[in-house]
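In case you want the letters, here they are:
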Amino acid sequence: MGSLSYRPYLLLLVSILCISGRCGASASAVPAKIGKGYRLISIEETPYGGLLGHLQVKQKNNVYGADIPHLQIYVKHETNDRLRVHITDAEKQRWEVPYDLLPRERPPPATQAIGRSRKNLLTASEYEGSELIFSYTTDPFGFAVRRKSTGETLFNTTADHSDKYGNMLFKDQYLEISTKLPEDASLYGLGENTQPHGIKLYPGDPYTLYTTDISAINLNADLYGSHPVYMDLRNKGGKAYAHSVLLLNSNGMDVFYKGSSLTYKVIGGVFDFYFFGGPTPLAVVDQYTSLVGRPAPMPYWSLGFHQCRWGYHNLSVVEDVVENYKKAKIPLDVIWTDDDHMDGHKDFTLNPVNFPRPKLLEFLNKIHDLGMKYIVINDPGIGVNESYGVYQRGMANDVFIKHDGEPFLAQVWPGAVYFPDFLNPKTVAWWGDEIRRFHELVPIDGLWIDMNEPSNFCNGKCTIPKDKVCPSGTGPGWICCLDCKNITSTRWDDPPYKINASGIGAPIGYKTIVTSAVHYNGVLEYDAHSLYGFSEAIATHKALQGLEGKRPFILSRSTFVGSGKYAAHWTGDNKGTWDDIKYSISTMLNFGIFGVPMVGSDICGFYPAPTEELCNRWIELGAFYPFSRDHANFYSPRQELYQWDSVAKSARNALGMRYKLLPYLYTLNYEAHISGAPIARPLFFSFPAFIKCYGVSTQFLLGSSVLVSPVLDKGKTKVNALFPPGTWYSLFDLKDTIVSDDGDYRSLDAPLHVINVHVYQNTILPMQQGGLISKEARMTPFTLIVTFPAGVTEGHADGKLYLDDDELPEMSLGNGYSTYVDFHATVENKTVKVWSEVMEGKYALQKGWIVEKVKILGLNGIGEEFHLEVGGNSVSDVSNVELIASEQRIYTDKLEDGGDTRKSMMIEVQGLDLPVGKNFALSWKMGVHG
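Criteria and cut-off values
- Residues numbered from 1 in each chain as written.
- Predicted model: local features only at pLDDT ≥ 70, side-chain atom pairs only at ≥ 80, totals over all residues.
- Heavy atoms only, no water.
- Helix = DSSP H or I, 4+ residues; strand = E, 2+ residues; numbered from the N terminus.
- Contact = heavy atoms within 4.5 Å.
- Phe/Tyr/Trp six-rings, centres within 6.5 Å; stacked < 30°, edge-to-face > 60°.
- Buried < 20%, exposed > 50% of the residue type's maximum accessible area, 1.4 Å probe, protein only.
- Lys NZ or Arg CZ within 6 Å of the ring centre and 35° of its normal.
- 1 Å grid on protein atoms, 1.4 Å probe; cavity = no way out; pocket = protein on both sides within 12 Å on 5 of 7 lines; lining within 4 Å.
- Points joined across faces, edges and corners; volume = space filled by probe spheres on them.
- Nonpolar A, V, L, I, M, F, W, Y, C, P; charged D, E, K, R; others polar.
- Salt bridge = Lys/Arg side-chain N within 4 Å of Asp/Glu carboxyl O.

### With respect to the environment of H368
Part 1 of the argument: Within the fold, H368 resides in helix α4 (residues 357-370).
Part 2 of the argument: Separated by 191 residues in sequence, H368 and T559 have C-alpha atoms that sit 30 Å apart.
Part 3 of the argument: Sequence-distant contacts of H368, defined by excluding residues within four places in its chain, comprise K373, P443 and D445.

Structural data, given as structure tokens:
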């Protein structure tokens, strides 16, 4: 659920503020280069590792406030491939992202730099680690980070006269620093925003980071999350190198990318840079998530299909939705309700008329027995209502954010609300207790935390009106009805530098908590604003995990650095348009880079009504989002997948394939949890040296080797898809083979109900038979798809499979409730061999999982002399095993000139009964080409 009509009011408010002179200094009034920077006074190695230095401002100025005269710089190689550069006030402590929210090493206390010998400068100006080298210049101070193996400069803050940016600035409410960049670098990240130019950062586009509830339809604007991290991919002589840069800072910021430079302008906090050396994109994300937190393990059912709508008015409607999915034979694992189940939009309540508890419990027992799940929404705003127990207990525990000593009053869906302060330990305990109470009322299976930027329908300091009912119950629920006055008298509400908030330079307190409000221990909303959804996700995760010891599932709209450790994300309020279906891919791929791999967009669009054709194409794409959910707005017509016969057909096709791929997706979930690897990835993750794919934003990979190429344009029945070099097999028809020797685009047939999905060579893909619910699909026999390059005479392929009890909170081996299998295959000396190496096989054996088929693609001959081993023992009776050969259709870029005559065979080994929990090996000789 989201508010839809902020932007016209926002434009009006900004216009009024500008007329009254509150827009901040105009661009022409502020010079491009401010001040002379800092000089390095002292620097020395510390006994606990790292460098500690002292900086002094060269020439004071008052643009955006006074300079902080003395700074401390701390530099440390924290790991072989991670370098930290931390710069703060040398004389007093400044706001930083709390160390208890995001655990990490603490730098030395700021006062340690003061009083040291001003002559104590290291003779060497370099500080070398295993992969990265830090160097500096003293006057004016600047620093650079180089890659040791190549000598290439990755980040360089030194400014000269020819640069359009100046030296580093550090004021109380304005920090600025820039880096040079090569023009041919490809940058990704810096979100959350909707990027009209695709996944690559686009020179000149604005990148503002400040959590904001404006619809995702707003392009190049600060949206729900703040992720001040980018990945930089460079190609030198055909060899690719990737690294990443995180500025760990929760204050609002503008980041200006000009192609040859990148400039941060931040309104508070410190410079806390982390550099991750890579050198591959996967290594970068591994290093990044090792710092900010590994992505949360997701329950198996969460990878199934989800259906939601704001406007399921009563339980009967919800029951009908579940029944209609079943009748249409469309897979469905999770049914959701927006705030329709609530009593007066109040958290942790049930509407006794529309969702009577006895009938709801009866319904939940029914779907739980089938293996289905139920998730509800929860907004952070707690209704101000003396008869409301949640409010009463919150007041008694003093859990709300304050302004002028009183709980800050805002308006959201229940009307007047107070916002819990999740930085307060008492709030975390109270929140957990409220979730426990609600779970006892309704056995929900997860929580959807929305509106947590946080969103407020009003502005400024408000009171409840005495002469009218607020809200009135008529008209849009997002119109402010409190009595409010704007607050611009403090430097926190009206900072000297105005970030481009909401994409149009709105006040930073617009439609949220006023930024002079106060959290626990005196922390200002000004500093902690973008942490709100992150801190709520941490509290919610702790609460859910404490209920029954099960693996939590949380979907959060607002996110920050590290949110992926606790929650999944959806991309917010999108539109049912052809543009929005395109934008969804870039946002999804960015969140994989941010360490939030469980992500997807509202399929068919949140509002307004999608066309039938668009919904066909969107479910074909959305079936391959990591998080796959159809969700619609209260004011839109119904758009469940069964509403159109044609969409139902597309859904059965695309979701049917998803449910066959669930073991692969769940294994990717495990890989994400142990290494940060995204589930959905840009093509360059698997093909980093292939420059053509650096900007591809209309296709993506699931894992390393499953390529999804959707139709994204109205009226099209073909798709122009890029195939990196190698052999690709259609997952919907394994005989269809594309050989792309040099990497090129191919025009693929894509009639209305077809999406093209291909698997790459050298892969072993574990699949099952599918089903309408993941619980039943999970117990079907396995088929292994083994892919070699077409017509191979020598080759190898690998794959993996992770299985566990997905209700356990931890996703790991060694607990007796998980199994991990490495699959291998080779072709050499005219012999084909496929085998498995099992770790912790007991769990898979208990569950009775078997492999019944193996399909080997790309061979140049048929099979004979079949041999089988299970558990190290030869199986003499293979009379039930059958090898079926069929010729594949090869589509190659050399067909037109007659330059490619290779042939390729698929061998299907049927009649197997191989326990997944035991090592097996099967092999045969390749006979002549059939």
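### Things to note about the packing of aromatic side chains
The geometry of an aromatic ring pair is captured by two quantities: the separation of the ring centres and the angle between the planes.
Part 1 of the argument: The final tally for this structure, using the stated rule, is 60 aromatic pairs.
Part 2 of the argument: Centre to centre, the rings of F170 and F271 are 5.6 Å apart; their planes meet at 90°, and the pair counts as edge-to-face. Residue F170 is found in strand β9 (residues 169-170), and its partner F271 is found in strand β17 (residues 271-276); the two are separated by 101 residues along the sequence.
Part 3 of the argument: Classification of F271 as buried rests on a relative accessible area of 0%.
Part 4 of the argument: With a centroid separation of 6.1 Å and an interplanar angle of 45°, the aromatic rings of F534 and F560 are classed as tilted. Of this pair, F534 sits in helix α8 (residues 532-548) while F560 sits in the loop between β29 (554-556) and β30 (568-570), and the two are 26 residues apart along the sequence.
Part 5 of the argument: Through successive ring pairs, a cluster of aromatic residues spans F134, Y136, F141, F143, F155, F170, Y264, F271, F273 and F275.
Part 6 of the argument: The ring of W570 has R629 lying over it, and the distance from NZ or CZ to the ring centre is 5.4 Å.

### Description of the side chain of R658
Part 1 of the argument: Considering the arrangement of structural elements, one finds R658 in helix α11 (residues 645-660).
Part 2 of the argument: For R658, the residues in contact, after removing those within four places along its chain, are L303, G304, G622, A623, F624, Y625, P626, F627, S628 and L665.

### Section: empty space enclosed by the protein
Where empty space is left in the structure can be found by rolling a water-sized probe over the atoms.
Part 1 of the argument: A full pass over the atoms with the stated rule returns 6 cavities of 30 Å³ or more.
Part 2 of the argument: Computed from the structure, the second largest cavity encloses a volume of approximately 110 Å³.
Part 3 of the argument: A breakdown of the residues in the lining of the second largest cavity according to their chemical character gives 8 nonpolar, 5 polar and 3 charged.

### Description of the pattern of salt bridges
Part 1 of the argument: Tallied over the entire structure, the rule returns 44 salt bridges.
Part 2 of the argument: Of the charged contacts, one joins D139 and K58 as a salt bridge, the two residues approaching to 2.5 Å between their closest N and O atoms. Of the two residues, D139 sits in the loop between β6 (132-138) and β7 (141-147) while K58 sits in the loop between β2 (51-57) and β3 (70-79), which places them 81 residues apart along the sequence.
Part 3 of the argument: Residue R557 pairs with D213 through a salt bridge whose shortest N-O separation is 3.3 Å. Within this pair, whereas R557 is found in the loop between β29 and β30, its partner D213 is found in the loop between β12 (206-209) and β13 (227-236), the two being separated by 344 residues in sequence.
Part 4 of the argument: Among the charged side chains, a network of salt bridges with common partners joins E152, D184, D232, R234 and K236.

### Describing helix α5 (residues 389-397)
Part 1 of the argument: Those residues of α5 not exposed but buried are G389, V390, Y391 and G394.
Part 2 of the argument: Residue D398 follows α5 closely and has a positive phi angle near 55°.

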